[in-house]
Amino acid sequence: MGQLGTGPFKPIISFRFLKERYTTLLHSENVMEQMQAKFVLEILEANPVLISGTSTPEGFNAYTKEIDQIMSFLFPSVLTDNEIKAAVYPYSNQSFYISNRFKQINANTTSDTSEVFQKLFKDSDESINLMTYAIILNEYYGFNVDFGRPKHLNLDDGSGNLKSYRVTFNADFMEMYPNENAIEITPDILDELLTNAHDLNVWNHYFPENSWTIEGFGILNMIDVTLDHQIDEFKSHLIQPGKEVFQNIIQDLRKIFGIHDLQVGSYKVDGNKLSLPFEKGLGTLSINKNDTLSCNNYACKHIYKQLFKDHVPTVISNVERYYKKNNGNKLSKTLLAKNLKSVILLPVKIDGDLKFIIELAAYKVNQLNAINMVKLDTIMPFIMSYSRRSITEYENEISAVIQNECTSIHPAVQWRFVEEASAYIQNRNLGKSANFKEIVFENVQPLYGQIDVVGSSEARNHAIKSDLNQALEDAKLALQELLQNDRMPFYEQLIYLIDKHVFELKAEFHSSTEQEIHLFFDKKILPLFRHLDKSEQETPAVNAFLKALDPESHSLYVARKNYDDTLNLINTKLGNFLDKKQEQAQTIFPHYFEKFKTDGIEHNMYVGQSIAEHGNYHPSVLYNLRLWQLQVMCEMEAMYYEQQKELLVSLDVASLILVYEGPLTIRYRIDEKHFDVDGAYNVRYEMIKKRIDKAFIKGTNERLTQPHKLCVVYASNEIEQEYLNYFEFLQSKNYIGNTVEIVELEELQGASGIKAIRAEINQNLQREETLFSIADLERSH
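Attention in this report is confined to the structure presented alongside it. Residues take numbers from 1 onward in each chain, read along the sequence in its written order. Only residues with pLDDT of 70 or above have their local features reported here, since the model is predicted, and side-chain atom pairs are shown and tallied only from 80 upward, although totals for entire chains, interfaces and linings are computed over all residues. Hydrogen atoms and water are omitted, and side-chain values are computed over all heavy atoms in the structure.

### Remarks on the overall build of the chain
Consideration 1: Think of it this way: any DSSP run of H or I at least four residues long counts as a helix, any run of E at least two long counts as a strand, and we number them from the N terminus. For the chain, the helix and strand inventory stands at 26 helices and 23 strands.
Consideration 2: With C-alpha atoms as the basis for the radius of gyration, the globule rule is written as 2.2 Å multiplied by the number of residues raised to the power 0.38. Over its C-alpha atoms the chain spans a radius of gyration of 46 Å, topping by over 25% the 28 Å that the globule rule assigns to 781 residues.
Consideration 3: When the backbone C-alpha atoms are referred to their principal axes, the chain occupies close to 135 × 90 × 50 Å.
Consideration 4: Scored against the burial criterion, the 781 residues of the chain give a buried share of 47%.
Consideration 5: We call two residues in contact whenever any of their non-hydrogen atoms come within 4.5 Å of each other. When contacts within the chain are restricted to residue pairs at least 6 apart in sequence, those whose partners lie at least 24 apart make up 68%. Only protein chains enter the area calculation, which uses a 1.4 Å probe; residues under 20% of their type maximum are buried, those over 50% are exposed, and those in between are partly exposed.

### Points about the packing of aromatic side chains
One pair of aromatic rings is described through two measures. These are the centre distance and the angle between the planes.
Consideration 1: Pairing of aromatic side chains requires ring centres within 6.5 Å, counting the rings of Phe and Tyr and the six-membered ring of Trp. Pairs whose planes differ by under 30 degrees are stacked, by over 60 edge-to-face, and all others tilted. Tallied over the entire structure, the rule returns 36 aromatic pairs.
Consideration 2: Seen from their ring centres, F60 and Y89 are 6.2 Å apart, and the 85° between their planes marks the pair as edge-to-face. One end of the pair, F60, is in helix 4 (residues 57–61); the other, Y89, is in the loop between strand 2 (84–88) and strand 3 (95–98), and 29 residues separate them in sequence.
Consideration 3: Among the aromatic residues, ring-to-ring pairing joins F9, Y133, Y140, Y141, F143, W203, F207 and W212 into one connected group.

### With respect to the sheet that holds strand 6 (residues 174–178)
Consideration 1: Here, a strand pair is defined by DSSP locating no fewer than two bridges between the strands. Strand order in the open sheet formed by three strands is 1-7-6, with mixed pairing between adjacent strands. Sheet topology places strand 1 (9–13) and strand 6 at the edges, where each strand pairs with a single neighbour. Here the strands of the sheet are splayed against their neighbours by 20° on average, with no regard to which way each runs.
Consideration 2: As paired strands, strand 6 and strand 7 (residues 212–216) are joined by five bridges and run antiparallel to one another. If you follow M174 over to strand 7, its bridge partner there is G216. Note on definitions: angles span 0 to 180 degrees between N-to-C directions of axes, and those axes are lines fitted to C-alpha atoms, for helices only across the stretch in contact.

### A word on the pairing of strand 7
Consideration 1: Burial analysis of strand 7 places five of its five residues in the buried class, which makes it a mostly covered element.
Consideration 2: By the bridge criterion, five bridges tie strand 1 to strand 7 in an arrangement that is parallel. Opposite I13, over in strand 7, you have G216 as the bridge partner.

### Some thoughts on the sheet that holds strand 4 (residues 152–156)
Consideration 1: Overall, antiparallel pairing links the five strands, which are arranged 3-2-8-5-4 in an open sheet. Of all strands in the sheet, those bounded by a partner on one side alone are strand 3 and strand 4. Neighbour to neighbour, the strand axes of the sheet diverge by 30° on average, direction disregarded.
Consideration 2: Summarising the sheet, strand 2 and strand 3 pair through three bridges and their orientation is antiparallel. Looking at the pairing, A87 lines up with Y97 of strand 3.
Consideration 3: This element, helix 5 (residues 64–74), spans strand 2, strand 3 and strand 8 (218–224) of the sheet and lies at about 55° to strand 3.
Consideration 4: Packing against the sheet, helix 6 (residues 100–108) makes contact with strand 2, strand 3, strand 4, strand 5 (162–170) and strand 8, and its axis sits at approximately 90° to strand 2.

### Brief notes about the pattern of salt bridges
Consideration 1: In the sections that follow, a salt bridge refers to a side-chain nitrogen of Lys or Arg positioned within 4 Å of a carboxyl oxygen of Asp or Glu. Within the structure shown, the criterion is met by 24 salt bridges.
Consideration 2: Residue K595 is joined to D579 by a salt bridge in which the shortest nitrogen-to-oxygen separation is 2.9 Å. A residue pair is termed long-range when its members are at least 10 positions apart, and K595 in strand 16 (residues 592–598) and D579 in helix 22 (residues 559–588) qualify at 16 residues.
Consideration 3: Accessibility expressed as a relative area gives 29% for K595, which makes it partly exposed.
Consideration 4: The class for D579 is partly exposed, based on a relative accessible area of 28%.
Consideration 5: Note that E720 and K755 form a salt bridge whose closest N and O atoms lie 2.9 Å from each other. In this pair, E720 sits in helix 25 (residues 717–732) while K755 sits in strand 23 (residues 755–761), placing the two residues 35 residues apart along the sequence.
Consideration 6: Given the relative accessible area of 15%, E720 is considered buried.

### Things to note about the nonpolar core
Consideration 1: Among buried residues, those of type Ala, Val, Leu, Ile, Met, Phe, Trp, Tyr and Cys that are joined through side-chain atoms within 4.5 Å constitute a nonpolar core. Membership of the largest hydrophobic core comes to 56 residues, with the highest contact counts inside it found for L630 and F727.
Consideration 2: Considering every element that reaches this core, the biggest residue donor is helix 23 (residues 619–642), with 14 residues.
Consideration 3: Excluding anything up to four places from it in sequence, L630 contacts I657, L710, V712, Y723, Y726, F727 and L730.

### Here's the deal with a nonpolar patch on the surface
Consideration 1: Where nonpolar side chains cluster on the molecular surface, the patch consists of V31, M32 and M35 and spans about 310 Å² of accessible area.
Consideration 2: Position of V31 relative to the elements: it lies in helix 2 (residues 31–46). Each patch is built from residues that are more than 30% exposed by relative accessible area and take part in no salt bridge. Like charges join if they lie within 9 Å; nonpolar side chains (Val, Leu, Ile, Met, Phe, Trp, Tyr) join within 5 Å. What sets the accessible areas is the Shrake-Rupley method with a 1.4 Å probe; for residues, cover comes only from the shown protein chains.

### Notes on the environment of Q582
Consideration 1: As for its position among the elements, Q582 is in helix 22.
Consideration 2: Taking the C-alpha atoms as reference points, Q582 and L262, separated by 320 residues in sequence, lie 53 Å from one another.
Consideration 3: Apart from the residues within four sequence positions on either side, Q582 is in contact with H410, H591, F593, M605 and W628.
Consideration 4: Distance and chemistry together define a polar contact, namely a pair of N or O atoms within 3.5 Å, with one atom able to donate a hydrogen and the other to accept it when in protein, and with adjacent residues in sequence counting only for side-chain atoms on both sides. Separated by 2.9 Å, the side chains of Q582 and Q586 make a polar contact.

### Here we look at the environment of F436
Consideration 1: Position of F436 relative to the elements: it lies in the loop between helix 17 (411–429) and strand 15 (440–453).
Consideration 2: Classification of F436 by relative accessible area gives buried; the value is 9%.
Consideration 3: Separated by 30 residues in the primary sequence, F436 and S466 have C-alpha atoms spaced 52 Å apart.

Here is the structure:
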């Protein structure tokens, strides 16, 4: 009878349990239910075989007319074209009554429905059908055994499309009961069965052939869940890594919308700028590759408001009509050029900011419309989650490109590097040559300043001489101690050489002197002292000498360490102070800033329209930054002298600013990982920077830079007057003392006619919490 296989079950096809149900309906308060029950019971009483049952389909099918009449109540004719329903023999994959919708599916599918039904109960021909066993264990014995599995069928609809159905099995009109040879299933036997769930021999042992009867019939109900299944596949593909997943996502969207040639694209939204997508494998539909578009000129005012202001999905169901209505605007022209007749534009926001637009387009008018756009509601949360992850991955990729191609980038110019990195990735994804181009900022105004340790070379050399002299004296004392115990001529020779080095060190110090003394220690003194230190001979002075040496340099490092520690502390304090003040300066207008630690702190600033991602540059920005620079330089030097007493070595500092007229061009050198001024003429600026701190006042031997004085170097009368005004204002704020002088510098290589304003810094100035501004200066006049 087309059963699933031999086993413990003896099938009987009957309507006995259906008769019991209709018997109870004779007493229903519903008149129609009473009439149905009376009609069915009359048929069954007239045909008792349908109640007692038969074990063969042939015997059951002899009553086809009566069966059809009875089943018409379980399969209402008004629902037969919609419901997917089938009545099946017990423990069988064969049906004896099906709905019209089921017949249509069965006629169209290329699958064998009998084989498909078998899949409801078994994973394969070799596996065990556990469903019936589970019913016996749970319903008859009261055990709680979970053999449940998702009941889904996938059927080909005959057009190459796979339809998914969820199946439920109604066993209300079916029962199982034991025969005489049935074995009582105890908890211990249940444990053995569950332990060996996939061993057919164990099941056959406790469920012998024909030990149970399965009587009645079952009803299968199927629900089309193709869309749900397609959405599940879409979600699965969204979480898969790799760029190749896009083709799967596109196919998923085509299935969800039922449009086999649906086109999918996207584009980025960066402020008011629209650009190509960053995802490889996903093109753009409504923007051409060479287009330079903003949100304003992308489409009509209505779509501009919906997409870029309200951030709501937009549908154009008839692009041709939209084209005529809006006089052939850019959006409609681009779509029609690609023969796209209907489109959905879906804005995607991440953390409140619009990041990109997803495009869905079809080749037929009204294929995409406001009705089927509702399908997006179900998948939007997953699109948002995927988009957030994609944005993060993209930003990480950009950071990686920048980090690899450049180095740490100042925030004010980060946007330009992001722009170039984005172009790099897009070109690579399009198969083009991917080169990270040099970053250039034209027409920028430079600001340079430094606060330098005065006489740093002399202080460093003094510390080196002090350590060398001390090391020589300590080594001499150790050798003299050795001579008291052992009158060796070699010791006397070493003492003679030490005296000679001490004399030379006091007479004249230069780099070769330091090298010669270090070589003397490395070749003569240290090998001897280390040998004696390991011997049994007691040499306290030698031991003390070796312990006093620095473990890394193997030399005496005391005075030099004090100098180095002092210089590091100076640089740290000044650098931290400048960084903090720079945060305030960025609020004036975004500008590039970098600082260098040498024997003090140098800083470069560049400001101009080309550096600013947003906002409009105005000359007043430069004036405010120049005033900021003067304010901060005064505060830095005053702060230094306020804390000078905490330093191990007392050092003086001097402050200097270079004012360069006219704009420059700076270029980021990828090979050197930093910005340089560009062009032969602009190099003059760098040359002046390197020489002015060592410059002398013309006709004198006096250095320009002096402690407690701020020097501003310039070349024109206009700059001179501008800075005199600044200094007058700073005097009113008690930042500058009474002494303000103008001096001319000796001619520098590559520059002549250089002048400087030198102003006395008030070391007791009271720092202002707010920034000075040009508006403050104008009010003071």
